[in-house]
Amino acid sequence: MNFVIPDFYPAAAELFVVAMSLVVLLAGTFAKNSKGLAYYLTQLTLIGAGAITLFSMDSQVGFTFSNMYVDDLMGDFLKLMLYFAVAIVLLYSRGYMADRRMETTEYYVLAIYATLGMMVMIAANHFLTLYLGLELLSLSLYAMVALQRDSARATEAAMKYFVLGALASGLLLYGISMLYGATGTLEISGVAQAVYHQAANKNVLMFGLVFVVAGLAFKLGVVPFHMWIPDVYHGAPTSVTLMIASAPKLAAFGMAMRLLVNGLFELADQWQSMLMFVGVLSIVLGNLAAIAQTNIKRMLGYSGISHMGFMLLGLMSGVVGGDRHFALNAYSSSMFYVVSYVLMTLGAFGVLILLSRAGFEAETIDDFKGLNKRSSWFAGVMAMVMFSMAGIPFFIGFFAKFSVLQAVVAARYYWVAVLAVVMSLIGAFYYLRVVKVMFFDEPTENVAISAPMEMKVLLSMNGVAVGLLGLIPQSLMSLCAFSLLGSL
């Protein structure tokens with residue numbers, strides 16, 4: 001009898017993360033200083049996974065697990081950004097969680113499982129694999145939101161997130177079942193072949209596409225599936241909000257590329273109009289709703305809705321004319337946007353965590369009053385992040401918006417570009433309001449800002465990166481374009 005030994009090489013990083021999750025669990029069970037050991041082991045897991053991904057990068061596309069899993073440059077680049085984002089989230093969060101007695105081994109294990117789920121989402125070539133990754137991420141985040149057990153607000157946020165997330169998963173599963181019924185396969189590349197050769201029922205395909213886009217829109221948090229964003233951002237502990245707001249956006253982008261571009265590109269005329277609809281609505285509603293917010297976590301939540309709308313405009317623009325070079329520019333601008341957004345989000349919530357302390361949450365805009373007099377450096381860091389999110393030159397956020405708008409104009413959707421610019425100008429109000437409060441209002445308290453030195457150093461580097469990458473954005477743009485070459 002001949003046994004076929006599968007080639008697990010394309011999934012080496014994922015297998016390493018699975019093994020390390022068991023090590024962290026055992027360490028949390030038997031070690032004396034279990035929390036500290038779990039933290040360092042989790043960071044070691046992310047560093048190790050990054051090293052494996054980096055050294056196994058190849059321009060050739062690899063498959064494993066019966067073609068259910070794919071390894072390509074796009075997936076590798078997104079995974080590297082993912083490890084980086086999660087490592088920073090954990091470093092920013094450690095002191096915050098310890099002050100509130102929420103730093104447990106379970107928190108770090110959940111972070112590892114969420115990371116694994118995002119890795120699987122990014123590299124899935126099969127609907128079953130994609131769904132498993134999505135649910136692993138979602139269930140981990142639901143539990144993380146509810147970690148603050150004595151907080152009614154956190155429990156309510158977790159329940160809302162769970163119920164609405166279950167609804168979105170149902171929509172996605174229903175769409176997947178329709179695509180399977182129409183094409184006879186669950187493999188994403190197989191679906192692409194069936195649609196290309198017109199071997200599928202067009203009406204069933206269209207119904208499936210609508211439900212799949214709806215499920216995807218929920219995970220991105222865009223209109224009209226955005227209702228969970230402000231409540232969950234507000235209710236969750238700030239460290240968990242940072243986790244939800246940053247790294248999963250990278251996984252959602254990868255999921256969108258796998259489903260829409262790799263799997264359903266022949267239906268691009270249909271999903272393009274859907275993305276345009278939800279993208280434009282997200283930019284409008286996100287910016288207008290954020291103006292009325294006094295809670296900065298809710299403001300950043302609505303801001304995130306607007307930013308994901310911008311990202312969808314880049315995806316939407318890549319299908320015009322069938323030109324591969326044009327598609328590469330559009331999709332790379334969308335990837336550049338989501339990477340830039342994650343970097344800015346890390347900085348914004350990092351400052352929120354820095355200003356928080358045991359018994360006090362820096363959640364309202366008034367909590368930033370007079371920050372310049374308490375710490376001019378970190379007021380400057382927050383100002384750079386706010387300027388960047390507003391799209392003011394010359395920060396990374398400006399070039400992210402500019403590259404997406406360039407793709408939209410090249411696709412000849414002039415009215416969409418004009419509307420996006422107008423809404424960005426309106427949105428600049430609530431970002432600049434935070435800057436005004438920091439530099440021109442009197443502080444309500446003069447408590448010294450205390451945080452671990454490593455957090456202060458990394459947060460400073462985070463702010464400098466937002467400014468520096470705005471001066472030399474071409475390097476990151478080129479990396480995004482290069483990583484997409486093998487996927488188009």
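Residues numbered from 1 in each chain as written. Predicted model: local features only at pLDDT ≥ 70, side-chain atom pairs only at ≥ 80, totals over all residues. Heavy atoms only, no water.

A. Focus on the packing of helix H16 (residues 376–390) against helix H18 (residues 414–440). Where H16 contacts H18, the axes come no closer than 9 Å and their chain directions differ by 175°. As the angle between them shows, H16 and H18 are arranged roughly antiparallel. In contact with Ala379, Gly380, Met382, Ala383, Met386, Phe387, Met389 and Ala390 of H16, H18 contributes Ser424, Ala428, Tyr431, Leu432, Val434, Val435, Met438 and Phe439. Along the lines of polarity and charge, the residues of the contact of H16 with H18 split into 14 nonpolar, 2 polar and no charged. (Axes fitted to C-alpha atoms, helices over the stretch in contact; angles between N-to-C directions. Helix = DSSP H or I, 4+ residues; strand = E, 2+ residues; numbered from the N terminus. Parallel < 35°, antiparallel > 145°, perpendicular 65-115°, else oblique. Contact = heavy atoms within 4.5 Å. Nonpolar A, V, L, I, M, F, W, Y, C, P; charged D, E, K, R; others polar.)

B. Molecular detail of the pattern of salt bridges. The full count for this structure, using the stated rule, is 10 salt bridges. For the salt bridge of Glu14 with Lys79, the shortest nitrogen-to-oxygen distance reads 2.7 Å. A residue pair is termed long-range when its members are at least 10 positions apart, and Glu14 in helix H1 (residues 12–30) and Lys79 in helix H3 (residues 73–99) qualify at 65 residues. A salt bridge links Glu363 to Arg153, with the shortest nitrogen-to-oxygen separation between them at 2.8 Å. One end of the pair, Glu363, is in the loop between helix H14 (324–355) and helix H15 (371–374); the other, Arg153, is in helix H6 (residues 152–183), and 210 residues separate them in sequence. Look at Glu363 and you get buried, because its relative accessible area is 8%. Residue classification places Arg153 among the partly exposed residues on the basis of a relative accessible area of 36%. Each of the salt bridges in this network shares a partner with another, and the network as a whole consists of Glu156, Lys160, Asp231 and Arg298. (Salt bridge = Lys/Arg side-chain N within 4 Å of Asp/Glu carboxyl O. Buried < 20%, exposed > 50% of the residue type's maximum accessible area, 1.4 Å probe, protein only.)

C. Here's a closer look at the packing of aromatic side chains. One pass over the structure, following the stated rule, counts 16 aromatic pairs. When the ring of Tyr39 is compared with that of Tyr40, the centres are 5.1 Å apart and the planes differ by 70°; the resulting orientation is edge-to-face. Tyr39 sits in the buried class, given a relative accessible area of 7%. The interplanar angle of 70° and the centroid separation of 5.2 Å between the aromatic rings of Tyr107 and Tyr108 together place this pair among those described as edge-to-face. (Phe/Tyr/Trp six-rings, centres within 6.5 Å; stacked < 30°, edge-to-face > 60°.)

D. Structural context of the environment of Gly95. Here Gly95 shows up in helix H3. Through-space distance from the C-alpha of Gly95 to that of Asn287 is 32 Å; in sequence the pair is 192 residues apart.

E. Inspection of unusual backbone geometry at higher detail. With an omega of 5°, the peptide bond between Val223 and Pro224 qualifies as cis. With respect to the helices and strands, the residue Pro224 is situated in the loop between helix H8 (202–220) and helix H9 (228–235). Going from Pro393 to Phe394, the amide bond is cis rather than trans, its omega being -5°. With respect to the helices and strands, Phe394 occurs in the loop between H16 and helix H17 (396–410). Although it is not a glycine, Arg101 adopts a positive phi angle of roughly 55°. Looking at where Arg101 falls in the secondary structure, it is placed in the loop between H3 and helix H4 (105–123). With phi around 70°, Arg412 is a residue other than glycine that occupies positive phi space. Within the secondary structure, Arg412 is located in the loop between H17 and H18. You can call Arg412 exposed: its relative accessible area is 66%.

F. Structural detail: a nonpolar patch on the surface. On the surface, a cluster of nonpolar side chains totalling about 630 Å² of accessible area is made up of Trp377, Phe394, Val464, Leu468, Leu471 and Ile472. For the nonpolar patch, the leading source of residues is helix H19 (residues 453–471), giving 3 residues. (Patch = residues over 30% accessible without salt bridge, like charges linked within 9 Å, V, L, I, M, F, W, Y side chains within 5 Å. Areas by Shrake-Rupley, 256 points an atom, 1.4 Å probe, with all protein chains shown as cover.)

G. Up close: the confidence of the model for the protein chain. Confidence along the protein chain averages 87 in pLDDT terms, with 95% of residues attaining 70 or more. Segment residues 1–5: pLDDT under 50, and 0 contacts once partners within four positions in sequence are set aside and those in other chains are kept. (pLDDT = per-residue confidence, 0-100.)

H. Here's a closer look at the packing of H1 against helix H2 (residues 34–55). Orientation of H1 relative to H2, taken along the N-to-C sense of each, is 170°, at an axis distance of 9 Å. When the axis of H1 is compared with that of H2, the two are roughly antiparallel. Packed against H1, whose contacting residues are Ala12, Ala13, Phe16, Val17, Met20, Val23, Val24, Ala27 and Gly28, the element H2 presents Ser34, Leu37, Ala38, Leu41, Thr42, Leu44, Thr45, Gly48, Ala49, Ile52 and Thr53 at the interface. The residue inventory of the contact of H1 with H2, partitioned by class, reads 14 nonpolar, 6 polar and no charged.

I. Focus on helix H13 (residues 296–317). In this model H13 runs 32 Å from its N-terminal to its C-terminal C-alpha over 22 residues, within 8% of the 32 Å that 1.5 Å per residue would give. The element H13 is extensively covered by neighbouring structure, given that 22 of its 22 residues are classed as buried. Here H13 starts with a cap whose side-chain oxygen sits 2.9 Å from the backbone nitrogen of Lys297, and that cap is Asn295. (Expected span 1.5 Å × (residues − 1). Polar contact = N/O pair within 3.5 Å; in protein donor to acceptor, adjacent residues only side chain to side chain.)

J. Representation of the environment of Phe253 within the structure. Residue placement: Phe253 occurs in helix H11 (residues 247–263). As a C-alpha pair, Phe253 and Ser340 span 87 residues in sequence and 13 Å in three-dimensional space. In contact with Phe253, not counting residues within four places along its chain, are Leu78, Met311, Leu315, Tyr331, Ser334, Met335 and Val338.

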